[in-house]
Amino acid sequence: MKLVLIGCPGAGKGTQAKILSKHFGLAHISTGDLLREQVKSETPLGLKLKSIMESGGLVSDDIVSELLSQRIKADDCKNGYILDGYPRNVSQAEGLSAIVGELDRVVDIEVADELIIERMSGRRSCGGCGAMYHVKYNPPKAEGICDSCGGKLITRSDDAPETVKHRLDVYHSQTAPVIDYYNKKGIVLKIDGSKPIDEVSKELTELLEKL
Ligand code: ADP
Ligand code: AMP
């Protein structure tokens, strides 16, 4: 199965992708994670990306598409994959069909902008294993420590409210048109992402099991 999860920053794409990836045995590919790995390792590419990502702008299509093409060749993608954070504009959506062919479904996780600032300011992720938490909606057992691996939880610098506002603008102007692009192909599943995490995942799993 080849799935794309679309939704504004903080809609819950990463959270749901991790749950679905375990349930269906699919690889979870987050282009944000692939890019952050480059920044963290201070590769020449990572040094170029740092300021763009910190400002909440989009990295160029060529760079992201190349990272994605490489990642998709890995063994764990043989059974299928869930793309989280890609495509981010219509040109990436057009490029994606050249890279992977037809998709099975595009899941549009809908959440109103008003909920997003709070979600992002409470988001914490594990620097070790990438597990995702929220200080209020999905807190770790011990503050600041990952339940799964004991790693230290970090706050992303691009989750600051001013940057989140900019990322929402970028989402509405560049990414939302991607939903129309896939609507025309009749493959979009819409889901209410404002419900609690386990309700969203239950609904989504049931819908995808019917495919
Ligand atoms: P995205 O990948 O779309 O940017 P995340 O999955 O990282 O979003 O979720 C953003 C934050 O909101 C995280 O802290 C996560 O724990 C929390 N979150 C995700 N889904 C929900 C939900 N349905 N209700 C409340 N909080 C959520
Ligand atoms: P995310 O983890 O999906 O919230 O992405 C974090 C940041 O990585 C974004 O704000 C962009 O700067 C960059 N990014 C992630 N995916 C893409 C993409 N498909 N195209 C361009 N930039 C991306």
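For the structure itself, consult the block above.
Conventions we followed
- Residues numbered from 1 in each chain as written.
- Chains lettered and ligands numbered in written order.
- Predicted model: local features only at pLDDT ≥ 70, side-chain atom pairs only at ≥ 80, totals over all residues.
- Heavy atoms only, no water.
- Pairing = 2+ DSSP bridges.
- Helix = DSSP H or I, 4+ residues; strand = E, 2+ residues; numbered from the N terminus.
- Near = heavy atom within 4 Å.
- Polar contact = N/O pair within 3.5 Å; in protein donor to acceptor, adjacent residues only side chain to side chain.
- Areas by Shrake-Rupley, 256 points an atom, 1.4 Å probe, with all protein chains shown as cover.
- Buried < 20%, exposed > 50% of the residue type's maximum accessible area, 1.4 Å probe, protein only.
- Arc of directions from axis to C-beta.
- Contact = heavy atoms within 4.5 Å.
- Nonpolar A, V, L, I, M, F, W, Y, C, P; charged D, E, K, R; others polar.
- Axes fitted to C-alpha atoms, helices over the stretch in contact; angles between N-to-C directions.
- Parallel < 35°, antiparallel > 145°, perpendicular 65-115°, else oblique.
- Left-handed = near helix turned anticlockwise from the far one by under 90°.

**Q** I'd like a rundown of the pairing of strand β5 (residues 123-126), residues and numbers included.
**A** Where β5 and strand β6 (residues 132-134) come together, 3 bridges link them in antiparallel fashion. Residue pairing across strands places arginine 124 opposite tyrosine 133, the latter belonging to β6. Here β5 folds back onto β6 in antiparallel fashion, the turn holding 5 residues, of which glycine 130 has a positive phi close to 85°. In this structure, β5 lies alongside strand β7 (residues 153-154), joined through 2 bridges in antiparallel fashion. Along β7, the bridge assignment pairs cysteine 126 with leucine 153.

**Q** Lay out the site of ligand 1 in plain terms, naming residues and giving numbers.
**A** Ligand 1 sits among 18 residues. The nearest are Lys13, Thr15, Arg123, Tyr133 and Lys195. The backbone of glycine 14 places a nitrogen or oxygen atom 2.9 Å from an oxygen atom of ligand 1. Here threonine 15 contributes a side-chain N or O atom positioned 2.6 Å from an oxygen atom of ligand 1. In the complex, the protein chains occlude 95% of the 560 Å² of accessible area that ligand 1 would expose alone. Of all the elements in the fold, those that place two or more residues in the shell around ligand 1 are α1 (13-24) and β6.

**Q** Tell me about helix α3 (residues 44-55), residues and numbers included.
**A** Within the sequence span of α3, burial applies to Gly46, Leu49 and Met53. One face of α3 carries all of its buried residues, which in axial projection span an arc of 70°. For α3, the exposed residues set more than 90 degrees away from the buried face come down to Pro44, Leu47, Lys48 and Ser51. Elements in contact with the buried residues of α3: α2 (31-40) and α4 (61-72). Looking one or two places after α3, you find glycine 56, whose phi comes out positive at around 90°.

**Q** Talk me through the site of ligand 2; I want residue IDs and the actual numbers.
**A** Of all residues adjacent to ligand 2, which total 16 residues, the nearest are Thr31, Arg36, Gly57, Gly85 and Gln92. At 2.9 Å, a backbone N or O of glycine 85 approaches a nitrogen atom of ligand 2. At 3.1 Å from an oxygen atom of ligand 2 is found a side-chain nitrogen or oxygen belonging to arginine 167. Among the elements that line the shell around ligand 2, the one with the most residues is α2, at 4 residues. Taken together, the residues of the shell around ligand 2 break down into 6 nonpolar, 5 polar and 5 charged.

**Q** Quick rundown of the packing of helix α6 (residues 113-121) against helix α7 (residues 161-183)? Include the residues and the values.
**A** Their axes nearest at 10 Å, the elements α6 and α7 cross at an angle of 140°. By the angle class used here, α6 and α7 are oblique. Our pair here, α6 against α7, has a crossing hand that is right-handed. Counting all contacts with α6, which are made through Asp113, Ile116, Ile117 and Met120, the residues of α7 involved are Pro161, Val164, Lys165, Arg167, Leu168 and His172. In terms of residue class, the contact of α6 with α7 is made up of 6 nonpolar, 1 polar and 3 charged.

**Q** Tell me about the sheet that holds strand β4 (residues 105-110), residues and numbers included.
**A** An order of β2-β3-β1-β4-β8 is seen for the 5 strands of this open sheet, with the pairing classed as parallel. The open sheet has two edge strands with one neighbour each: β2 (27-30) and β8 (188-192). For this sheet the average axis-to-axis angle between neighbouring strands, irrespective of direction, equals 20°. For β4 and β8, the ladder comprises 5 bridges, and the chain directions are parallel. Looking at the pairing, glutamate 110 lines up with aspartate 192 of β8. Strand contacts of α1: β1 (2-6), β2, β3 (81-84) and β4, with the helix running at about 175° to β3, the strand carrying the most contacts. Contacts between α7 and the sheet are confined to β1, β4 and β8, with β8 contributing the most and set at about 125° to the helix.

None of this, on its own, says anything about what the molecule does.
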